[in-house]
Amino acid sequence: MMKGHMPTRLPSPLGRGLCRGTLPCSDRDMAATATGNRFTMVPPPPPAPHPMSSAPPMPRQSDLQFRRLDAEDAVAFAALRREVAAYDPVPMGITLEEELTRPLQGFREQLSFPQPNAAFGVFGGDQLLGSAAIAWANRFPSWHHKATLWGVFVAPAHRGGGVGRAIVMQALDHAFAHGVQRVNLQMFLPNPTALSLYHSLGFVSYGCEPQAVCLAGEYHDSLYMSLHRPTTIAADTRPVEPR
C-alpha cells in the first residue's frame, strides 16, 4: 500500500541472464543500523520526477474529509490504485496492466469485510486521495492480538502534505481501539518515502523476501515490518469472520 526501499539496484546475485533486483535482503536491510526500535537508513537518491506536466494544488487540511470506505467506494478505490500503479508499480507489487484485470467486485468485497475490519479514505472533494486498511487474519481469539495494515495508497499528486501519515494513523488508531497489540505489514522495495513514514511511526523490520516480485524484468524484494503497542485486549472485542 502507502501495500519499499533502498533504491540502489544491483545485478541479481544469482547470476547473469536473470532479472535485476535490489540489494539482497541481508545486505540491504542491514545497510540500516539498528538503534533501539529505529533504523538509520542510507539516504536514498531523490525520486524520479512525476511525468505529469502539472499537478493540482494540494487541498488545505481543513478541506480534507476522512471517513470509512465501503462497497460504494469501490470505483474510487480502484481508480486510486490504478493511478498509483501507473506512476510506479513497485510499491503496488503489480503492473498497471495486471491491475486493470482486477474486477470491481473484488474491491467491493474487500471494502465490505465484516467489522472490526475496516478501510479508511481521505477525500479532497469527490476525489479519493489516500487510503489505508486494517484486517484481522481470522475469527479465532488466539489471533485477535494482531492485525495487518494493507491498502496504503496516496495519489502521486497529493504526496508530501501529510495525507499518508494521517490516514495510516487513523487505521492504526482503529486497530488499537479493538485490542490489537501488534500491527504487521509487507512492502515492496524500493519505496523510501513509505519506509521513512513507517519508521517514524515506530515500525521495525523483522524479515524480508528476496525477489518477491518481478516487474519490467527486474526483481524487487519485499520487507516485513511490525509495530508493537502493548494494550489490554477489550473483553467485548467482536470476532472476525474468516476471509
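It should be emphasised that the depicted structure is a prediction, and the values quoted were computed from it without experimental measurement.

Attention now moves to the confidence of the model for the chain. In low-pLDDT regions, the fine details of the predicted coordinates are not to be read closely. Model confidence for the chain is summarised by a mean pLDDT of 78, while 69% of its residues fall at 70 or above. Below a pLDDT of 50 lies the segment residues 1–55, which in the model reaches 121 contacts outside its immediate sequence neighbourhood of four places, other chains included. Long-range and interchain partners of residues 231–243, a stretch whose pLDDT sits below 50, account for 33 contacts in this model, where long-range means more than four residues apart.

Relative to the helices and strands, G162 resides in the loop between β8 (146–154) and α5 (163–177). The spacing of G162 and L197 is 35 residues in sequence and 10.0 Å in space, taken between C-alpha atoms.

Attention now moves to the environment of F107. With respect to the helices and strands, F107 occurs in helix α4 (residues 104–110). As a C-alpha pair, F107 and D73 span 34 residues in sequence and 8.7 Å in three-dimensional space. Leaving out residues up to four positions away in the same chain, F107 has contacts with A74, F77, A78, R81, E99 and R102.

Among the 7 residues in strand β9 (residues 182–188), 5 count as buried, and that is most of the element. Handedness of the crossover is the feature at issue here: the chain leaves β8, passes through α5, returns alongside β9, and the resulting connection is right-handed. Judged from the 7 bridges that link them, β9 and strand β11 (residues 218–228) form a sheet pairing that is antiparallel. Bridge pairing links M187 to L223 in β11.

This paragraph deals with helix α6 (residues 192–200). Within the span of α6, buried status applies to A194, L195, L197, Y198 and H199. Where α6 ends, the next residue or the one after it, G202, has phi of about 105°, a positive value.

A few words now on the pairing of β8. Judged by how many residues are buried, β8 sits mostly within the fold: 7 of 9 residues are covered. As paired strands, strand β7 (residues 127–135) and β8 are joined by 5 bridges and run antiparallel to one another. Opposite G130, over in β8, you have V154 as the bridge partner. Examined bridge by bridge, β8 and β9 share 3 bridges and lie parallel to one another.

As a further point, take α5. Taking 1.5 Å as the rise per residue, α5 with 15 residues should run 21 Å; its terminal C-alpha atoms sit 21 Å apart, in good agreement. Inspection of α5 places V163, G164, I167, V168, A171, L172, H174, A175 and F176 among the buried residues, and these make up the whole buried set. Looking one or two places after α5, you find G179, whose phi comes out positive at around 85°.

About the cut-offs
- Residues numbered from 1 in each chain as written.
- Predicted model: local features only at pLDDT ≥ 70, side-chain atom pairs only at ≥ 80, totals over all residues.
- Heavy atoms only, no water.
- pLDDT = per-residue confidence, 0-100.
- Contact = heavy atoms within 4.5 Å.
- Helix = DSSP H or I, 4+ residues; strand = E, 2+ residues; numbered from the N terminus.
- Buried < 20%, exposed > 50% of the residue type's maximum accessible area, 1.4 Å probe, protein only.
- Right-handed = clockwise from strand over helix to strand, strands pointing away.
- Pairing = 2+ DSSP bridges.
- Expected span 1.5 Å × (residues − 1).

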